[in-house]
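Summary of structural features
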Amino acid sequence: QVQLVESGGGLVQPGGSLRLSCAASGFIFSYYAMSWYRQTPGKERELVASITGTGGSTNYADSVKGRFTISRDNAKTTVYLQMNSLKPEDTALYYCNVYRGFHYWGQGTQVTVSS
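So, here's what we can say about the structure. This is a predicted model, so every value here is computed, not measured.

Thresholds applied
- Residues numbered from 1 in each chain as written.
- Predicted model: local features only at pLDDT ≥ 70, side-chain atom pairs only at ≥ 80, totals over all residues.
- Heavy atoms only, no water.
- Phe/Tyr/Trp six-rings, centres within 6.5 Å; stacked < 30°, edge-to-face > 60°.
- Helix = DSSP H or I, 4+ residues; strand = E, 2+ residues; numbered from the N terminus.
- Buried < 20%, exposed > 50% of the residue type's maximum accessible area, 1.4 Å probe, protein only.
- Lys NZ or Arg CZ within 6 Å of the ring centre and 35° of its normal.
- Salt bridge = Lys/Arg side-chain N within 4 Å of Asp/Glu carboxyl O.
- Polar contact = N/O pair within 3.5 Å; in protein donor to acceptor, adjacent residues only side chain to side chain.
- Contact = heavy atoms within 4.5 Å.
- Pairing = 2+ DSSP bridges.

1. Remarks on the packing of aromatic side chains
- For the coordinates displayed, the defined rule picks out 5 aromatic pairs.
- Look at Tyr37 and Trp105: their rings are 4.9 Å apart centre to centre, the planes differ by 75°, and that puts the pair in the edge-to-face class. On the criterion of sequence distance, the pair formed by Tyr37 in strand E4 (residues 34-39) and Trp105 in strand E10 (residues 103-105) is long-range, its members being 68 residues apart.
- Exposure remark for Tyr37: the relative accessible area of 15% places this residue in the buried category.
- A relative accessible area of 33% places Trp105 in the partly exposed class.
- An aromatic cluster of three or more residues is present, and its members are Phe27, Phe29 and Tyr32.
- In this structure, Arg45 packs its charged tip against the face of Trp105, placed 4.3 Å from the ring centre.

2. With respect to the pattern of salt bridges
- Taken as a whole and judged by the stated rule, the model has 4 salt bridges.
- Across the salt bridge formed by Asp90 and Arg67, the nearest N and O atoms sit 2.7 Å from each other. Linking Asp90 in the loop between strand E8 (78-83) and strand E9 (92-99) with Arg67 in the loop between strand E6 (58-60) and strand E7 (68-73), this pair joins segments that are 23 residues apart in sequence. Arg67 carries the same exposure label as Asp90, and that label is buried.
- Through salt bridges with shared partners, a single ionic network connects Arg38, Glu46, Arg67 and Asp90.

3. Side note on the side chain of Thr78
- One can find Thr78 in strand E8.
- Within the structure, the side chain of Thr78 is placed 2.9 Å from the backbone oxygen of Lys76, a separation counted as a polar contact.
- In this structure Thr78 touches Ser21, Cys22, Ala23, Phe29, Ser71, Arg72 and Asp73, once residues within four positions along its chain are discounted.

4. Considerations on the pairing of E7
- Burial along E7 is one-sided: Phe68, Ile70 and Arg72 are buried, and none of Thr69, Ser71 and Asp73, which face the opposite way, are.
- When E7 meets E8, the two strands line up antiparallel, connected through 6 bridges. Following the sheet pairing, Phe68 is matched in E8 by Met83.
- In sequence, E7 turns back onto E8 through a hairpin of 4 residues, with Thr77 there showing a positive phi of about 45°.

5. What to know about unusual backbone geometry
- Residues other than glycine seldom take positive phi values, yet Thr77 does so here, at roughly 45°.
- Along the chain, Thr77 falls in the loop between E7 and E8.

6. Regarding the pairing of strand E5 (residues 46-51)
- When E4 meets E5, the two strands line up antiparallel, connected through 5 bridges. For Ser35, the partnering residue across the bridge sits in E5 and is Ser50.
- Count of turn residues in the E4/E5 antiparallel hairpin: 6 residues, of which Gly42 carries a positive phi of about 85°.
- The loop that links E5 with its antiparallel partner E6 comprises 6 residues; one of these, Gly55, has a positive phi angle of about 85°.

Right, here's the structure in full:
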């Protein structure tokens, strides 16, 4: 069965950096685009970044362009989200996602940006 396990969240000061990881299993990883979403209480889950199966194409929300970088290592079946120049408004629960007919989600990892 599909499993997505996120890690790497935490508390960081504004302007700091974090790298999130998502270890995937249960499907042919390189065949599928992977995405990161985030959600804050009372708001809908929003797409942050996505990457194609080969890693050759990426897409970002306007709010994170130039600060976040999505990447993947198909040999390790892991997708990453490098987050730089973090802002308080980046505070959210971050989820890894793969769409295989319907959406699969990890458990999420909390990112808190605060001084």
